[in-house]
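A look at the structure
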6 protein chains.
Amino acid sequence: MTNNERAAVLSQALPYIKAFRGKTVVVKYGGAAMINESLRAEVASDLALMSCVGIRAVLVHGGGPEIDAMLRRLGKEPKFVNGLRFTDDETMEVVQMVLAGKVNKDLVGLLGKAGCPAVGLCGVDGGLITARRHSKGEDLGLVGEIEAVNPDLLEAALKGGFLPVVATVAAGAEGEGAAHKAYNINADTAAAAIAVALKAEKLVLLTDVPGILRDVSDAGTLVRELPRSGVGAMIQEGVVTKGMIPKVECCAKAVGEGVGSAHIIDGRVPHSLLVELFTDAGIGTMIV
Amino acid sequence: MTNNERAAVLSQALPYIKAFRGKTVVVKYGGAAMINESLRAEVASDLALMSCVGIRAVLVHGGGPEIDAMLRRLGKEPKFVNGLRFTDDETMEVVQMVLAGKVNKDLVGLLGKAGCPAVGLCGVDGGLITARRHSKGEDLGLVGEIEAVNPDLLEAALKGGFLPVVATVAAGAEGEGAAHKAYNINADTAAAAIAVALKAEKLVLLTDVPGILRDVSDAGTLVRELPRSGVGAMIQEGVVTKGMIPKVECCAKAVGEGVGSAHIIDGRVPHSLLVELFTDAGIGTMIV
Amino acid sequence: MTNNERAAVLSQALPYIKAFRGKTVVVKYGGAAMINESLRAEVASDLALMSCVGIRAVLVHGGGPEIDAMLRRLGKEPKFVNGLRFTDDETMEVVQMVLAGKVNKDLVGLLGKAGCPAVGLCGVDGGLITARRHSKGEDLGLVGEIEAVNPDLLEAALKGGFLPVVATVAAGAEGEGAAHKAYNINADTAAAAIAVALKAEKLVLLTDVPGILRDVSDAGTLVRELPRSGVGAMIQEGVVTKGMIPKVECCAKAVGEGVGSAHIIDGRVPHSLLVELFTDAGIGTMIV
Amino acid sequence: MTNNERAAVLSQALPYIKAFRGKTVVVKYGGAAMINESLRAEVASDLALMSCVGIRAVLVHGGGPEIDAMLRRLGKEPKFVNGLRFTDDETMEVVQMVLAGKVNKDLVGLLGKAGCPAVGLCGVDGGLITARRHSKGEDLGLVGEIEAVNPDLLEAALKGGFLPVVATVAAGAEGEGAAHKAYNINADTAAAAIAVALKAEKLVLLTDVPGILRDVSDAGTLVRELPRSGVGAMIQEGVVTKGMIPKVECCAKAVGEGVGSAHIIDGRVPHSLLVELFTDAGIGTMIV
Amino acid sequence: MTNNERAAVLSQALPYIKAFRGKTVVVKYGGAAMINESLRAEVASDLALMSCVGIRAVLVHGGGPEIDAMLRRLGKEPKFVNGLRFTDDETMEVVQMVLAGKVNKDLVGLLGKAGCPAVGLCGVDGGLITARRHSKGEDLGLVGEIEAVNPDLLEAALKGGFLPVVATVAAGAEGEGAAHKAYNINADTAAAAIAVALKAEKLVLLTDVPGILRDVSDAGTLVRELPRSGVGAMIQEGVVTKGMIPKVECCAKAVGEGVGSAHIIDGRVPHSLLVELFTDAGIGTMIV
Amino acid sequence: MTNNERAAVLSQALPYIKAFRGKTVVVKYGGAAMINESLRAEVASDLALMSCVGIRAVLVHGGGPEIDAMLRRLGKEPKFVNGLRFTDDETMEVVQMVLAGKVNKDLVGLLGKAGCPAVGLCGVDGGLITARRHSKGEDLGLVGEIEAVNPDLLEAALKGGFLPVVATVAAGAEGEGAAHKAYNINADTAAAAIAVALKAEKLVLLTDVPGILRDVSDAGTLVRELPRSGVGAMIQEGVVTKGMIPKVECCAKAVGEGVGSAHIIDGRVPHSLLVELFTDAGIGTMIV
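Keep in mind that this is a model prediction, so the values were computed, not measured. (Residues numbered from 1 in each chain as written. Chains lettered and ligands numbered in written order. Predicted model: local features only at pLDDT ≥ 70, side-chain atom pairs only at ≥ 80, totals over all residues. Heavy atoms only, no water.)

**Remarks on the overall build of chain A**
- When helices and strands are tallied, chain A shows 10 helices and 14 strands.
- For chain A, whose C-alpha radius of gyration is 19 Å, the value lies close to the compact-globule estimate of 19 Å for 288 residues.
- Counting only C-alpha atoms and orienting by the principal axes, one finds that chain A spans roughly 60 × 45 × 35 Å.
- By residue count, 58% of the 288 residues in chain A fall in the buried class.
- Across chain A, every contact between residues at least 6 apart in sequence was considered, and the portion connecting residues at least 24 apart equals 72%.
- For chain A, the exposed surface amounts to about 10,800 Å²; the carbon and sulfur share of it is 52%. (Helix = DSSP H or I, 4+ residues; strand = E, 2+ residues; numbered from the N terminus. Rg over C-alpha atoms; globule rule 2.2 N^0.38 Å. Buried < 20%, exposed > 50% of the residue type's maximum accessible area, 1.4 Å probe, protein only. Contact = heavy atoms within 4.5 Å. Areas by Shrake-Rupley, 256 points an atom, 1.4 Å probe, with all protein chains shown as cover.)

**Concerning the interface of chain B and chain A**
- If you look at the interface, chain B gives 29 residues, while chain A gives 29 residues.
- Both sides together, the interface formed by chain B and chain A hides about 2,800 Å², and carbon and sulfur atoms give 62% of it.
- Ranking the residues of chain B by area buried against chain A places Arg73(B), Met97(B) and Lys105(B) at the top, with a combined share of 22%.
- In this assembly, chain B and chain A are joined by eight salt bridges.
- One salt bridge connects Glu93(B) with Arg73(A), and the closest N-O pair in it is separated by 3.3 Å. (Buried area = accessible area lost by both parts, 1.4 Å probe. Salt bridge = Lys/Arg side-chain N within 4 Å of Asp/Glu carboxyl O.)

**Looking at the pattern of salt bridges**
- If you walk through the whole model with that rule in mind, you get 102 salt bridges over all chains.
- Put simply, Lys28(C) and Asp188(C) hold a salt bridge, and the shortest N to O gap is 2.8 Å. Of this pair, Lys28(C) sits in strand 1 (residues 24-29) while Asp188(C) sits in helix 7 (residues 187-197), placing them 160 residues apart in sequence.
- Classification of Lys28(C) by relative accessible area gives buried; the value is 8%.
- As a salt-bridge pair, Glu145(F) and Arg132(F) come within 3.7 Å of each other at their nearest N and O atoms. One end of the pair, Glu145(F), is in strand 7 (residues 144-149); the other, Arg132(F), is in strand 6 (residues 129-133), with 13 residues separating them in the sequence.
- Take Glu145(F): its relative accessible area is 15%, and that puts it in the buried class.
- Salt bridges sharing common partners tie together Arg73(A), Lys102(A), Asp106(A), Lys76(B), Asp88(B), Glu90(B) and Glu93(B).

**With respect to the arrangement of the chains**
- No interface is formed between chain A and chain D, the nearest pair of C-alpha atoms being 29 Å apart.
- Kept free of each other, chain C and chain F leave a smallest C-alpha distance of 29 Å between them.

**As for the confidence of the model for chain A**
- Summary statistics for chain A give a mean pLDDT of 90 and a share of 97% for residues scoring 70 or more.
- For this predicted complex, the interface confidence comes out at an ipTM of 0.93, alongside a pTM of 0.80. (pLDDT = per-residue confidence, 0-100.)

**A short note on the sheet that holds strand 10 (residues 182-184) of chain E**
Residue and element names in this part refer to chain E.
- The mixed open sheet is built from four strands, whose spatial order is 7-6-9-10. On the outer flanks of this sheet lie strand 7 (144-149) and strand 10, each paired with one strand and no other. If you compare each strand with its neighbour and ignore which way they point, the axes differ by 50 degrees on average.
- Relative to strand 9 (residues 169-172), strand 6 (residues 129-133) is paired through two bridges, and the arrangement is parallel. Among the inter-strand pairings, Thr130 is bridged to a residue of strand 9, identified as Ala171.
- Where helix 7 (residues 187-197) meets the sheet, it contacts strand 6 and strand 7, and its direction lies at approximately 10 degrees from that of strand 7. (Pairing = 2+ DSSP bridges. Axes fitted to C-alpha atoms, helices over the stretch in contact; angles between N-to-C directions.)

**Quick look at the relation of the copies chain B and chain A**
- Superposing chain B onto chain A takes a rotation of 180 degrees plus a shift of 0.0 Å along the axis, which leaves an RMSD of 0.0 Å. Such values leave the two copies arranged in the relation of a two-fold axis. When each C-alpha of chain B is compared by its distance to the rotation axis, Gly101(B) comes out closest, at 1.7 Å.
- Most of the interface of chain B is mirrored in chain A: 100% of its interface residues are interface residues there too. (Least-squares fit on C-alpha atoms with pLDDT ≥ 70 in both.)

**A few points about the interface of chain F and chain A**
- Contact with chain F, which involves 31 residues of that partner, is made by 31 residues of chain A.
- Regarding the contact of chain F and chain A, the summed buried area is about 2,600 Å², with carbon and sulfur atoms giving 72% of it.
- Of all residues in chain F, Leu10(F), Leu14(F) and Cys52(F) bury the most surface against chain A, accounting for 23% of the area lost on that side.
- At the junction of chain F with chain A, the criterion picks out zero salt bridges.
- In this assembly, chain F and chain A are joined by two residue pairs in polar contact (both at pLDDT 80 or more).
- For the side of chain F that touches chain A, the secondary-structure elements that each account for two or more residues are helix 1 (3-20), helix 3 (37-52) and helix 10 (272-278) of chain F.
- With 13 residues, the top contributor of residues to the side of chain F that touches chain A is helix 1 of chain F.
- A per-class count over the side of chain F that touches chain A returns 17 nonpolar, 10 polar and four charged. (Polar contact = N/O pair within 3.5 Å; in protein donor to acceptor, adjacent residues only side chain to side chain. Nonpolar A, V, L, I, M, F, W, Y, C, P; charged D, E, K, R; others polar.)

**A few points about the nonpolar core**
- Ranked by size, the top nonpolar core spans 626 residues in total, and within it Phe278(A), Phe278(B), Phe278(C), Phe278(D), Phe278(E) and Phe278(F) carry the most contacts.
- Sequence-distant contacts of Phe278(A), defined by excluding residues within four places in its chain, comprise Gln12(A), Ala13(A), Tyr16(A), Ile17(A), Phe20(A), Leu49(A), Met50(A), Val53(A), Ile55(A) and Leu10(F). (Core = buried A, V, L, I, M, F, W, Y, C linked by side-chain atoms within 4.5 Å.)

**Quick word on the relation of the copies chain F and chain A**
- Superposing chain F onto chain A requires a rotation of 179 degrees together with a translation of 0.0 Å along the rotation axis, leaving an RMSD of 0.1 Å.
- Most of the interface of chain F is mirrored in chain A, where 100% of its interface residues are also at the interface.

**Description of unusual backbone geometry**
- Even without being a glycine, Lys199(A) presents a positive backbone phi close to 50 degrees.
- Assignment of secondary structure puts Lys199(A) in the loop between helix 7 (187-197) and strand 11 (202-207).

**Some details on the side chain of Thr221(D)**
Residue and element names in this part refer to chain D.
- For Thr221, the location among the structural elements is in the loop between strand 11 (202-207) and strand 12 (225-226).
- Within the structure, the side chain of Thr221 is placed 2.9 Å from the backbone nitrogen of Asp215, a separation counted as a polar contact.
- For Thr221, the side chain forms a polar contact with the main-chain oxygen of Asp218, separated by 2.7 Å.
- When neighbours within four sequence positions are excluded, Thr221 is seen to be in contact with Ile212, Leu213, Arg214 and Asp215.

**Here we look at helix 1 (residues 3-20) of chain B**
All names here are of chain B.
- When the terminal C-alpha atoms of helix 1 are compared, their 25 Å separation across 18 residues agrees well with the 26 Å that a helix rising 1.5 Å per residue should span.
- Remark: the principal bend of helix 1, roughly 35 degrees, maps to Leu14, with a proline, Pro15, within the next four residues.
- Restricting attention to buried positions, one finds in helix 1 the residues Arg6, Ala7, Val9, Leu10, Ser11, Ala13, Leu14, Ile17 and Phe20.
- Directly beyond the C-terminal end of helix 1, a positive phi value near 80 degrees is found at Gly22. (Expected span 1.5 Å × (residues − 1). Bend = angle between axes of the 7 residues up to and from the residue.)

**A look at the sheet that holds strand 5 (residues 118-122) of chain E**
- Judged by pairing direction, the sheet is mixed, and its eight strands sit side by side in the order 5-8-2-1-11-13-14-12 (chain E) without closing on themselves. In this open sheet, the two strands that pair with only one neighbour each are strand 5 and strand 12 (225-226) of chain E.

**Description of the packing of helix 1 (residues 3-20) of chain A against helix 3 of chain F**
- Look at helix 1 of chain A against helix 3 of chain F: their axes get within 10 Å of each other, and the N-to-C directions meet at 40 degrees. Put simply, helix 1 of chain A runs oblique to helix 3 of chain F. When you trace helix 1 of chain A past helix 3 of chain F, the crossing you get is left-handed. Between helix 1 of chain A, through Leu10(A), Ser11(A), Leu14(A), Ile17(A) and Lys18(A), and helix 3 of chain F, the contact on the second element is made entirely by Ser45(F), Ala48(F), Leu49(F) and Cys52(F).
- Its residues assigned to classes, the contact of helix 1 of chain A with helix 3 of chain F shows six nonpolar, two polar and one charged. (Parallel < 35°, antiparallel > 145°, perpendicular 65-115°, else oblique. Left-handed = near helix turned anticlockwise from the far one by under 90°.)

Here you go:
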């Protein structure tokens, strides 16, 4: 690369760096991209860079595969109902330990190595996320629906210069069945709720797909931008299907409640966060 | 109780409340007292009260019994060398998950229920505690010796109004064998190092004994106050023995490095923290 | 008392200490309770404790008996019209000297000895209270009706960590008959006006009675709580009579203008302030 | 006066106004000048102007004549020993009432009318001045020698925008004979001690004389400037005599302990404070 | 002058100094008064005094004669259309150099010598003034009409303790014909726009006339005060004529947009600023 | 360029952006690079980017060619003595006008267009640079040697978010021959003195050469890093010659007085500032 090219990249990044300084960006991280060691290090490095230029970044993560693995080591087969994990008490204990004790702290460690002081939190910390028992359809055990997000602890961490990494375990709302103190919650929904509570500029879902494709077999049919109001039609037309539906709906909801824009981008592409934020190129689908 | 008696307690508490406002008190919590559900709730309530009257309280905890239980559920017998846990990679993973993901967050939840916003941290968060591999004697695997405590994250949490709860897992110092990111460290030592780094007024070890007893079978022989310089003699005379030796030495070291005073008190006595801090009675042994 | 009982008192005090931190409590002090040396010291000690736990306490006091005594030493018989002191120029000079120079500074001294830095003020200081000549009914000389309370000086004192002690002498409103610079004002009314100006959480009148009694000869008939709207009926029914009427009306007015609650409690009961504020027991009558 | 002359005065005042902004000037006010109603109003107006242009002014006052008058009204003849008031308990009560309750608050009222928010304090407030019983020579009762000045309350008042007016009554140092809470102290000495505690730029004694005169009958022999070291010679030569000796010595002491300069000026000359501070002319004697 | 007279001036100045502290006064300076070396030094001294007593003073200046002189030195005859300078590109270069490089920095130097740290700015600095090409009537080249005033830089300078001196050169509004970066703008209009943007207390035009005279040959017919609404009539009646019309209209407009009052005073009278601001006398015409 | 390459540039920039945040970088700009319109716009853009990422950038500039041109337009031939401009009064007037009025404000305008609010200053503003008449060797007229740099105005501008652009004209030190208010000073020296006064991290001289070359005809012989102590030898060996000598000496002096490092880089290379600061490549010679 020539110095001129280097300068071109830096110069192009300028208006973005300027526009995002002091703004909040909530990144949801999960799935396959999270398993790959080298991708994880790159995501950590990207988040560190974002922090460096004054973006208030928050990382929200799940960790399904790690939970499954630990359950199996304990001799317990993971069980799902309509795609949601059936969470009995023993499972919940494992969910909390694995998410808040292992995945979360490992991500904090990676960020630290990338030069970015981070702090690992879950919904129980500082009353960050409270939930009540999932009430629709079949009994799912300790699967929770988010009742409230209290952003005070996130603000304190950000103000102190620490990037918050949030494991999606919620505290039981008060008065609740009492015996249980934690709920298993959906990570996309949690990220969206946190983005709303922090009045974030952007919500970014790092996924295993390039974004919304009109033709799933043709990367050239990527929908670059989608108004919130167009989401319904996309689903009815069958363009958005299956696991993508809740992701897109949760993006639309976040934007509807005040988040600047929501992005579904491909976490498997190296440094997709940087490219999305700091270059004219952009990648993935943006919901506005 | 009469109003007069109530007023007497409150009046007596006055000079203590005044003296401790804005001061830092680091409490190490562990052992049997920690297993008992109702004692745990009382310790949480006491810490909440301390916070309420402006004390900057920090809770440091281990969790040996929970670790042992989880290891056994995973089919692995806990192994100790000279009283220290032999910590191979698999054990370390469990130590981290159990301490930082289960015991830690459960304590945070209890504090939250007691009306005290808390935040669960471990040494990996914000570079709080870094350690290097234990170097004396036999190989213990990932048992670490503390190299440095960076109190920035604790200060940010305290400033934000959150009581830090610290699980004793440390980040590996940089340059380190690389493969490992976390070390198992001693909770008493960690509490002492944190107290020193925060220039704490008090270090309180909540233990399973009433303090130092000249005659272990006679509670009336409690040593109420012990100068730091007298610790050596106590050990030589055989008054302080076995598991008590490292505790007393670590108290003496903390006081020698600037902590106001160190206390070994009986965590099995209900509300021993409150009584120690806010009444003329006091309990346990104070090292000054 | 056992340690458990001590802890119980402290634990019970917790939610109150928490709820009142940073809140303003205006205490009116007068009458018989003020004469008794040992009660005065206890009130000072209670106020010091309140300050200690972060309550912004303000003490407002009169001093009728001391004024009478000084007038008599000067060979002048105190004179009252419908319970209000007839205040000619010479009397006013004595009122000001005795309240602002003697009673006020003696209370400040007591608070100082109790470890609570206080500052003695009257309405003339910093334009704190301005009054105009009492206009209803018979001429009372320099008896004043409060026109305005400027809380700036109180705020500066509280911010600086000093408990304000206010003698109920007011500055003449500008343009006023000119010759006179000070007015004699009612202490209950002054305390209520100060509570309103400071948006106080509580107004507490320390009196010589246990509160409002349905049957004055039976302490068991104490009215514990009374809605502001119920005050009129209480007076019509003859439950509230004589000197109690203006006290109750002034409580109702303060609550109507934004003070959280007003309390009439028995200043002759030792530490009644502490018991009222920090225990579930409470004492006296609360108007809400 | 022409506009040119007006502008000349304002222009000349410029470097002084600039030099004194944010500086502390302690003014001692007493004697005959204080009796004259119109001079009092002018002094108040001058202090208000000083405040206006950002000078941190503090007024310290005595009030001998008013004390004498009140003692006599109470049928008690004032008694002096070597020029110092013999202060038995009854006298002390009158001293406190008259100084802190009457003279002090009247000055505060005058300053208020001049548009300058002031606050009336005495040594008892906020532990401002503590004293111990005068120990040299004959017993003088409750005459005190200053032990310490705590300037915190003065700083809080000045920061809040209030000019402190200090009556020279001191709190008894702790441990003291207990029965007594206040002492009668010398106003010049108190002003000097306050100037030292506040690291004042200037100490100004408003007196009944034009300054130090070499020939007391010839105003032309005024000593305009006197180095601190020259004070002893002046006394030995008999230039400084009688009541002037303690004033001059107390100026010299203040300068020796860090006050920028001390001034003895004629309080009977209208607006002598303004002329001294803001014109090249200056008046009186300056000790440097 | 006697000390009494000196004190009278200072005392009279008190309410004004108090009223103007922290208030913004924008002074437009130009014309003949600006040529005279000694008047310039006096204006600088007056502004320094204003700054000294806490007035946020801003100086706006033109410099027609200096521009004419430089143009002629470059062999170019100044050209005017309806009293407005025809400003071709070459002229604009000279306007900018002379105003922003010479007149401006010379005034800053004078203020510095008067003890007042100043900073020389023009409309290009910090986007202070943006303009678009003058659009009414004949083509005037780079004569600009003010589009916006951004007071951020002025606020930063004032906050830092520096008196802003503004040369009336404006930056071209964005999108503009591109080639040109600066416009020549009218100094009265610029001063008025700056006064509005800063929510100034006063706008003062230092001119070559005593103010509005009903009879131009009789200084006794000076109109001391004129309501904004009376300006139209004054012009229709022919009292305000020629070059005075835009000045008066621009004063009226400023007052209409929130400036406290606008003053047309005689810059040839020594210290006219001081007299106008700080004495009861006042001078010139005030539009309210 | 691929996204991967883009990300690589951004990632590489990370440690630099982080290291320089909040640090001060003084850039001296002059010579041929400054004449070229497009290079000027690129320098402005680079400085804007530096500001964007939190670097406290200060631009110092000369403008010899423009001064020469204006002198010639005024019919005056530029005159040099030993490479220094002979500066009579008329020349000084032109130097000030051209530097502070034209070159300076044009650069400010360019920065503004690049989205970076800037403020154009010279040494006269806020007493920024004071100088005395050049005293060595032949008389050079108003050529000045820097006596002091007062960074207060620069700090106020930087704090307010404005990039200071400094024209190298100095105010005459007080007491000076009086007639003259400004001096012509060397831009490299001024930049170095400003860097020292601001305790800058870096001083960067944007020149017309690639840095120090061992063989002037071979770009491959660039000296990348040179310890301050090695400068003397380089001159003696004849590696550093002619116009380069004062530049190198002034870099060495700045580093000796506390500046982190000094850089001589090629201003003709597009975006050389960005490449120097934010890439591993670096360019030019660094003196440490």
